[in-house]
Amino acid sequence: MSGILFLVLRILLTAGLYAFLVWAFLLLWQDIRQQAALLALRKVPPLSLVIQREGGPAQIRHFNQPEITIGRDPACECPIKEDTVSARHARLSYHHNQWWVEDLHSTNGTLLNNEPVSTPTVIISNDEINCGKAKLTVLMAGDNLMPPTQQLPAEEKSA
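Criteria and thresholds
- Residues numbered from 1 in each chain as written.
- Predicted model: local features only at pLDDT ≥ 70, side-chain atom pairs only at ≥ 80, totals over all residues.
- Heavy atoms only, no water.
- Patch = residues over 30% accessible without salt bridge, like charges linked within 9 Å, V, L, I, M, F, W, Y side chains within 5 Å.
- Areas by Shrake-Rupley, 256 points an atom, 1.4 Å probe, with all protein chains shown as cover.
- Salt bridge = Lys/Arg side-chain N within 4 Å of Asp/Glu carboxyl O.
- Helix = DSSP H or I, 4+ residues; strand = E, 2+ residues; numbered from the N terminus.
- Buried < 20%, exposed > 50% of the residue type's maximum accessible area, 1.4 Å probe, protein only.
- Pairing = 2+ DSSP bridges.
- Contact = heavy atoms within 4.5 Å.

### Observations regarding a nonpolar patch on the surface
Part 1: Taken together, the side chains of Leu17, Tyr18, Phe20, Leu21, Trp23, Phe25, Leu27 and Leu28 make up a nonpolar region of the molecular surface, amounting to roughly 880 Å² of accessible area.
Part 2: Assignment of secondary structure puts Leu17 in helix α1 (residues 2–41).

Put into structure tokens, the structure is as follows:
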């Protein structure tokens, strides 16, 4: 009689354990779906780059995507026609609520405020990124996203 009682208790305990595990996994799944929905709604803050090439007029480019590749390759989001810039020179990426810059093993290296970039580094507004001889000034949301007018030639302001 006690053998049957222990068998029934073991079956009930096993069923209870499985029910608990299913409940826990359903709660985790629901939480992951909520977090994914929140991340999908989160927007990347706009970023603008003022590109100054050696001997050329300044250009301003606006971006809304979370990853921007800088380089000489026309497939890059920010192509720069400069011989000292590698095909895929640097990457700007938005994650952990911050913009980051990283060098993509370029030939001439990437400088952030005249310091070499060896690991991904957080950037802020008005930081200067040097890719070869090209100089990029970062402007972020919350700023005017337009540089002072004295930095751009007249033909750039009208464009």
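### So, the pattern of salt bridges
Part 1: For the structure shown, the criterion picks out three salt bridges.
Part 2: For Arg91, the salt bridge goes to Glu102, with nearest N and O atoms at 2.9 Å. Here the residue Arg91 occupies a position in strand β5 (residues 90–95), and Glu102 occupies one in strand β6 (residues 98–103), the gap between them amounting to eleven residues.
Part 3: The class for Arg91 is buried, based on a relative accessible area of 19%.
Part 4: Between Lys135 and Glu128 there is a salt bridge whose closest N-O contact spans 3.8 Å.
Part 5: For Lys135, a relative accessible area of 31% puts it in the partly exposed group.
Part 6: Taken together, the salt bridges that share partners define one network made up of Glu67, Arg91 and Glu102.

### Digging into the sheet that holds strand β10 (residues 128–131)
Part 1: Taking strand neighbours across the sheet as the criterion, the six strands line up as β2-β1-β11-β10-β7-β8 in an open arrangement whose pairing is antiparallel. Each edge of the open sheet is held by one strand with a lone partner, namely β2 (59–63) and β8 (115–116).
Part 2: The sheet contact formed by β10 and strand β11 (residues 134–140) spans four bridges and is antiparallel. The partner of Asn130 across the bridge, within β11, is Lys135.

### Examining the environment of Leu92
Part 1: By the secondary structure assignment, Leu92 is in strand β5.
Part 2: Each C-alpha atom of the pair Leu92 and Leu47 lies 9.9 Å from the other, and the pair is 45 residues apart in sequence.
Part 3: Discounting chain neighbours no more than four positions away, the residues touching Leu92 are Leu47, Leu49, Pro66, Glu67, Ile68, Ile70, Trp99, Trp100, Val101, Ile123 and Ile129.

### Quick word on the environment of Tyr94
Part 1: On the secondary structure map, Tyr94 appears in strand β5.
Part 2: With relative accessibility at 18%, the residue Tyr94 sits in the buried group.
Part 3: Discounting residues that sit within four places of it in the chain, Tyr94 has contacts with Val44, Pro45, Pro66 and Trp99.

### Concerning unusual backbone geometry
Part 1: Of note in the backbone geometry, Asn97 takes a positive phi value of approximately 60° without being a glycine.
Part 2: Note that Asn97 resides in the loop between β5 and β6.
Part 3: Even without being a glycine, Asn126 presents a positive backbone phi close to 70°.
Part 4: Structurally, the position occupied by Asn126 is in the loop between β9 (121–123) and β10.

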